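# Secondary and tertiary structure notes
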Amino acid sequence: MSSLRLRLCLLLLLPIAISCATVTLTDLPTFREAPAFRNGRECSRTAWSPSDRDHNPSIIHIAMTLDAIYLRGSVAGVFSVLQHASCPENIVFHFIATHRRSADLRRIISSTFPYLTYQIYHFDPNLVRSKISSSIRRALDQPLNYARIYLADLLPIAVHRIIYFDSDLVVVDDVAKLWRIDLRRHVVGAPEHCHANFTNYFTSRFWSSQGFKAALKGRRPCYFNTGVMVIDLGKWRERRVTVKLETWMRIQKRHRIYELGSLPPFLLVFAGDVEPVEHRWNQHGLGGDNLEGLCRNLHPGPVSLLHWSGKGKPWLRLDSRRPCPLDSLWAPYDLFRYSPLISDS
């Protein structure tokens, strides 16, 4: 028994038997099995295979990342999408994960969602490790946070369009409405917030360089949160967007032109050139800011998606018995199976 586990067991000594063999710090969470969600009568039943060569417009493709830390949030997100979808059997999930524990993650997804159509793609952290510089919050520096940049490389060529979702959100509307938006000439569609103050997103070194700040000259100052995006993967490949984003990451590594993880490169490439989506599809910021994670209220207007971007995550606040009021809206989608540490057998 490791010294760390031994210390845990000593701390838990009580007048009843304790199964110390089950106390580990590396166990993944377990989840209840989700119910089977079936298509409505209006849906055309269709199947999808990774080997398909032709685009099928009846299938909705959604990409999310999978890792041990955010797994509980990912499972809640998937559950929320299926529960509110008119054609849940026509949704394909594309999960991005590193090799570490990928077999365990596959087992958990299959046992929690036995009827789900999904694929897991392995993301190599070395693709970005040398390009990442530290930001204001450690979670923003994790390689998997940059996997969204490589979706066009990871997914099959027949997947022409993808919805990308972060792992700290729930959908409370039919995702087909988001899927059907017309991107027109744009590569990305997302809820925009224009008249943004870009001064806050880039360092003084960025603004003091004529070459750097010229990248935003003549562009509308429109911010968008990259946790909810509809992406035309064909246009992404044609316009070599991954190369453009990597270029800014390399510049950041040398010159420290921003502090906010993977968001600023997207702003430098796409700001003012995004197909606007209704704000209801990303009520973001519910996790507070990146430093304190304080409680926040909803933005005015209708809601189709709740997003706990920021430091505060609803599952952590609920478990600590210090939830924010809006965390109760996430709780119904939590399939986490609570297991007592103490055995009475």
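Everything in this summary refers to the structure shown in the same document. (Residues numbered from 1 in each chain as written. Predicted model: local features only at pLDDT ≥ 70, side-chain atom pairs only at ≥ 80, totals over all residues. Heavy atoms only, no water.)

## Some remarks on the packing of aromatic side chains
Scanning the entire structure with this criterion turns up 20 aromatic pairs. Ring centres of phenylalanine 31 and phenylalanine 336 lie 6.3 Å apart, and the angle between their planes is 75°; this geometry places the pair in the edge-to-face category. Of the two residues, phenylalanine 31 is situated in the loop between helix 1 (3-11) and strand 1 (60-65) and phenylalanine 336 in the segment after helix 12 (314-319); the sequence distance between them amounts to 305 residues. Phenylalanine 336 shares its class with phenylalanine 31; the two are buried. Ring centres of phenylalanine 212 and tryptophan 248 lie 6.4 Å apart, and the angle between their planes is 65°; this geometry places the pair in the edge-to-face category. Of the two residues, phenylalanine 212 sits in helix 8 (residues 210-213) while tryptophan 248 sits in helix 10 (residues 241-255), which places them 36 residues apart along the sequence. (Phe/Tyr/Trp six-rings, centres within 6.5 Å; stacked < 30°, edge-to-face > 60°. Helix = DSSP H or I, 4+ residues; strand = E, 2+ residues; numbered from the N terminus. Buried < 20%, exposed > 50% of the residue type's maximum accessible area, 1.4 Å probe, protein only.)

## Here's the deal with the pattern of salt bridges
Under the definition given, this model contains 16 salt bridges. The residue aspartate 273 makes a salt bridge to arginine 185 at a minimum N-O spacing of 3.0 Å. Here aspartate 273 is found in the loop between helix 11 (263-270) and strand 10 (275-276), whereas its partner arginine 185 is found in the loop between helix 6 (175-179) and strand 6 (188-190), with 88 residues between them in sequence. The exposure class of aspartate 273 is partly exposed, given its relative accessible area of 25%. A relative accessible area of 53% places arginine 185 in the exposed class. Between lysine 235 and aspartate 232 there is a salt bridge whose closest N-O contact spans 3.1 Å. (Salt bridge = Lys/Arg side-chain N within 4 Å of Asp/Glu carboxyl O.)

## Section: empty space enclosed by the protein
On inspection of all chains with the given rule, the structure shows 2 cavities of 30 Å³ or more. For the second largest cavity, the calculated volume is near 40 Å³. Along its surface, the second largest cavity is lined by Trp48, Asp54, His55, Asn56, Ile59, His61, Ala158 and Val159. Of the residues belonging to the lining of the second largest cavity, the class tally is 4 nonpolar, 3 polar and 1 charged. (1 Å grid on protein atoms, 1.4 Å probe; cavity = no way out; pocket = protein on both sides within 12 Å on 5 of 7 lines; lining within 4 Å. Points joined across faces, edges and corners; volume = space filled by probe spheres on them. Nonpolar A, V, L, I, M, F, W, Y, C, P; charged D, E, K, R; others polar.)

## Some words on the state of the cysteines
For the coordinates displayed, the defined rule picks out 3 disulfides. Sulfur-sulfur distance for the disulfide between cysteine 43 and cysteine 87 comes to 1.9 Å. Here the S-S torsion is close to -90°, and the disulfide linking cysteine 43 with cysteine 87 is therefore left-handed. One end of the pair, cysteine 43, is in the loop between helix 1 and strand 1; the other, cysteine 87, is in the loop between helix 2 (71-84) and strand 2 (91-97), and 44 residues separate them in sequence. The side chain of cysteine 295 participates in a disulfide bridge whose partner is cysteine 324; the two sulfur atoms lie 1.9 Å from each other. Sign of the S-S torsion, about -85° for the bond between cysteine 295 and cysteine 324, identifies this disulfide as left-handed. Residue cysteine 295 is located in the loop between strand 10 and strand 11 (305-307), and its partner cysteine 324 is located in the segment after helix 12; the two are separated by 29 residues in the primary sequence. (Disulfide = S-S within 2.5 Å.)

## Overview of the side chain of lysine 131
With respect to the helices and strands, the residue lysine 131 is situated in the loop between helix 4 (126-129) and helix 5 (151-154). One polar contact links the side chain of lysine 131 to the main-chain carbonyl oxygen of leucine 127, over a distance of 2.3 Å. Leave out the neighbours within four places in its chain, and lysine 131 touches Tyr150, Glu246, Met249, Arg250 and Lys253. (Polar contact = N/O pair within 3.5 Å; in protein donor to acceptor, adjacent residues only side chain to side chain. Contact = heavy atoms within 4.5 Å.)

## What about unusual backbone geometry?
The phi dihedral of histidine 195 falls on the positive side, at around 60°, and the residue is not glycine. Position of histidine 195 among the secondary structure elements: in the loop between strand 7 (192-193) and helix 7 (204-207).

## Let's talk about the pairing of strand 3 (residues 117-122)
Sheet analysis places strand 2 next to strand 3, joined by 6 bridges and oriented parallel. Among the inter-strand pairings, isoleucine 96 is bridged to a residue of strand 3, identified as tyrosine 121. (Pairing = 2+ DSSP bridges.)

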